[in-house]
Amino acid sequence: MDWQAEPTDPDFHVLLFREYLRRASWFAVLARPPHWPFFNVAGIILPTLGSPASHLDFVQSLAVSPLIQRLALWMLQFALVKDILGKRWLVPAFCDEPYEPLLMLLESGGVLSQEHGFVDVTYRGLFLRPPREALGFIPHT
């Protein structure tokens, strides 16, 4: 992924979202979560993991949409899983950290929302493709 593009460019936000889809698709194909494209990757890796009250309080204090609140919670849970597993973090090399592109998208002012069959990425509607199709996305370089 070329992380050096102009971070406020909507085209870059779309590329970041496609990179998220590519990364998340590996987990989605293996675990078949009930919702695509947004789901709790940490819950797949450690299904018994709960959320510390501090995480819940923090996320609920954010003045953002419910989707972004859920994503923030899942990002925190994912970081917690990595801390818990430490050196036992044995994710295959093809599974990069899934939420990193979304975090960059949101930090740079990007917008995400989900509607029936598509996702709005910084005011550009993208039709959702099945996870298996996202496996073949090529990282932007």
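Read on for a plain summary of the structure. (Residues numbered from 1 in each chain as written. Predicted model: local features only at pLDDT ≥ 70, side-chain atom pairs only at ≥ 80, totals over all residues. Heavy atoms only, no water.)

1. What to know about the pairing of strand β2 (residues 118–121)
Of the strand pairs in this sheet, strand β1 (residues 112–115) and β2 are connected by four bridges, and their pairing is antiparallel. Its bridge partner lying in β2, Q114 is registered against V119. Pairing analysis gives four bridges linking β2 to strand β3 (residues 124–127), with the strands arranged antiparallel. Directly across from V121, in β3, lies its bridge partner R124. Counting the residues that bridge the hairpin from β2 to β3 gives two residues, and of these T122 lies at a positive phi of roughly 45°. (Pairing = 2+ DSSP bridges. Helix = DSSP H or I, 4+ residues; strand = E, 2+ residues; numbered from the N terminus.)

2. Description of the pattern of salt bridges
Tallied over the full model, the rule gives six salt bridges. Where R23 meets E100, a salt bridge forms, and the shortest distance between an N and an O atom there is 2.9 Å. Taken together, the residues span a long stretch of sequence, with R23 in helix α1 (residues 10–31) and E100 in helix α5 (residues 100–107) at a distance of 77 residues. Using a relative accessible area of 41% as the deciding quantity, one classes E100 as partly exposed. Here K82 ties to E97 by a salt bridge, and the two come within 2.2 Å at their closest N and O atoms. On the criterion of sequence distance, the pair formed by K82 in helix α4 (residues 66–85) and E97 in the loop between α4 and α5 is long-range, its members being 15 residues apart. (Salt bridge = Lys/Arg side-chain N within 4 Å of Asp/Glu carboxyl O. Buried < 20%, exposed > 50% of the residue type's maximum accessible area, 1.4 Å probe, protein only.)

3. Section: unusual backbone geometry
Residue P37 is bonded to the preceding W36 through a cis peptide linkage, with omega at 15°. A positive phi angle is found at R32, which is not glycine, with a value near 50°. Inspection of the secondary structure puts R32 in the loop between α1 and α2 (41–45). The exposure class of R32 is exposed, given its relative accessible area of 68%. One non-glycine residue, T122, lies in the positive phi region at around 45°. Residue placement: T122 occurs in the loop between β2 and β3.

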